[in-house]
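Coordinate inspection notes
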Amino acid sequence: MSSHSPHGQSPLRTVQVLGGGNAGSSAHVRSLAAGLVARGVRVTVCAPSEAEHLYDFTGAGAAHVHVPRSSDPGSVAALRAACADADVVHAHGLHASFRAVLALGGRPTPLVVTWHGRARAEGARAHLLRLLERRVARAAAVVLGTTSDLVDRARRTGARDARLAAVALPGPGVAGDGSEDDEEPHCKVRAELGAIGRPLLMAVGSLERHRGYDLLLDAAHAWCRLDPVPLVVIAGEGPLRPALQQRIESEELPVRLLGRREDAGALLAAADLALLPGAEEARSVLAQEALHARVPLVAARAGGIRELVGEAAVLVPPDDAQAFAEAVVRLLGDPDRSERLRDLGTRQAATWPTEDETVAQVLSVYDELTQPVPML
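Residues numbered from 1 in each chain as written. Predicted model: local features only at pLDDT ≥ 70, side-chain atom pairs only at ≥ 80, totals over all residues. Heavy atoms only, no water.

Right, let's get into helix H13 (residues 321-332). Between its terminal C-alpha atoms H13 stretches 17 Å, which fits the 16 Å expected from 12 residues at 1.5 Å a residue. Within the span of H13, buried status applies to Ala321, Ala323, Phe324, Ala325, Ala327, Val328 and Leu331. Where the residues of H13 are buried, they touch strand S8 (200-204), helix H8 (213-223), strand S11 (273-276), strand S12 (297-300), strand S13 (314-316) and helix H14 (335-349). N-capping of H13 is provided by aspartate 320, with a side-chain oxygen placed 3.3 Å from the backbone N of glutamine 322. (Helix = DSSP H or I, 4+ residues; strand = E, 2+ residues; numbered from the N terminus. Expected span 1.5 Å × (residues − 1). Buried < 20%, exposed > 50% of the residue type's maximum accessible area, 1.4 Å probe, protein only. Contact = heavy atoms within 4.5 Å. Polar contact = N/O pair within 3.5 Å; in protein donor to acceptor, adjacent residues only side chain to side chain.)

Here's what the structure looks like:
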């Protein structure tokens, strides 16, 4: 695979379109941009300015063009201009993909789409999302899904070519590997959180309905009966914060909302258990980081979690607070099982694609779509 054509033409030019997106897709685009640039590809990332501030696409060697999340004519025009000389446009997520379809407007430029998760909505908006999915799937030359479920969904929706995406956990993962050298910083983190002498349970993600935090608070009632009482901390911000905080205070639950934290990786590495109670993004960043950090994981059996973690986590039926609570209690009382899960997690994480493999797969797709068809 090469970023250059066989006839010595200029390097491959790609535009990566990001709607602002979740942490997983944004970090993936940053990693992808760095890997493509290192292979001689010219990369432009079209994303809101706040995503550039957080993920530093220009620091990876890409150009950045501010394109707001909205699909208004101004945003589409900015995206159309950025894509004018692209060899391949690669959009990440449903809304970014729809903007790319509008911006290309029937141009022959190949469109690659990566679905990192399933967009969620209710009522009339759910119908609109299904229409957008169909429009995007049919317009894309290739749809890459981060789980088998998403690949199947793309095919049902009309995709001409849908494939399983190789998606690495960008960067070195969570600091710490459970060694003795990590004990001092872990103790400092636990002291800061008020978790000295008690189990520390950690969840990470935006405070939104699909994350399952109401179920987590329901489950926390059962943990109040333990001695010592575990502390649950949730790193993330979002619209449910006032309602969750009210429940925590009125029901006197051992739960702390930490807000958005830049050190979530260090917090997770210091935890006794990681918790994933809801229908997370298809390829959960928290699940990946927990296994890398050798932190046992309890998760709802939803989305692509089984495909991602295999036997290396405790999975319980979704929307079942009692089952979730009981799984946590059993695991806290069974250090041998926790240790087995840590070892299984290390082995499972070793099977996931590397960043190099992820970039190589994407570049091979680009090559397929841009290399001239040989004359017979």
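The discussion continues.
The biggest cluster of nonpolar side chains holds 32 residues, and the ones touching the most others in it are Leu216, Trp223, Ile234, Leu275 and Phe324. Every element with two or more residues in this core is listed here: S8, H8, strand S9 (231-235), helix H9 (241-250), strand S10 (255-259), S11, S13 and H13. When residues in this core are grouped by element, the largest group, 8 residues, is from H8. Discounting chain neighbours no more than four positions away, the residues touching tryptophan 223 are Leu201, Leu216, Val229, Pro230, Val232, Leu275, Phe324, Ala325, Val328 and Val329. (Core = buried A, V, L, I, M, F, W, Y, C linked by side-chain atoms within 4.5 Å.)

Now for the sheet that holds S11. In any sheet, the strands associate via hydrogen bonds between backbone groups, in a parallel or an antiparallel arrangement. Across the sheet, 6 strands lie side by side as S10-S9-S8-S11-S12-S13; this open sheet has parallel pairing. The open sheet has two free edges, formed respectively by S10 and S13, since each of these has just one partner strand. Here the average twist between neighbouring strands, direction ignored, is 20 degrees. Judged from the 5 bridges that link them, S8 and S9 form a sheet pairing that is parallel. Its bridge partner lying in S9, valine 204 is registered against alanine 235. (Pairing = 2+ DSSP bridges. Axes fitted to C-alpha atoms, helices over the stretch in contact; angles between N-to-C directions.)

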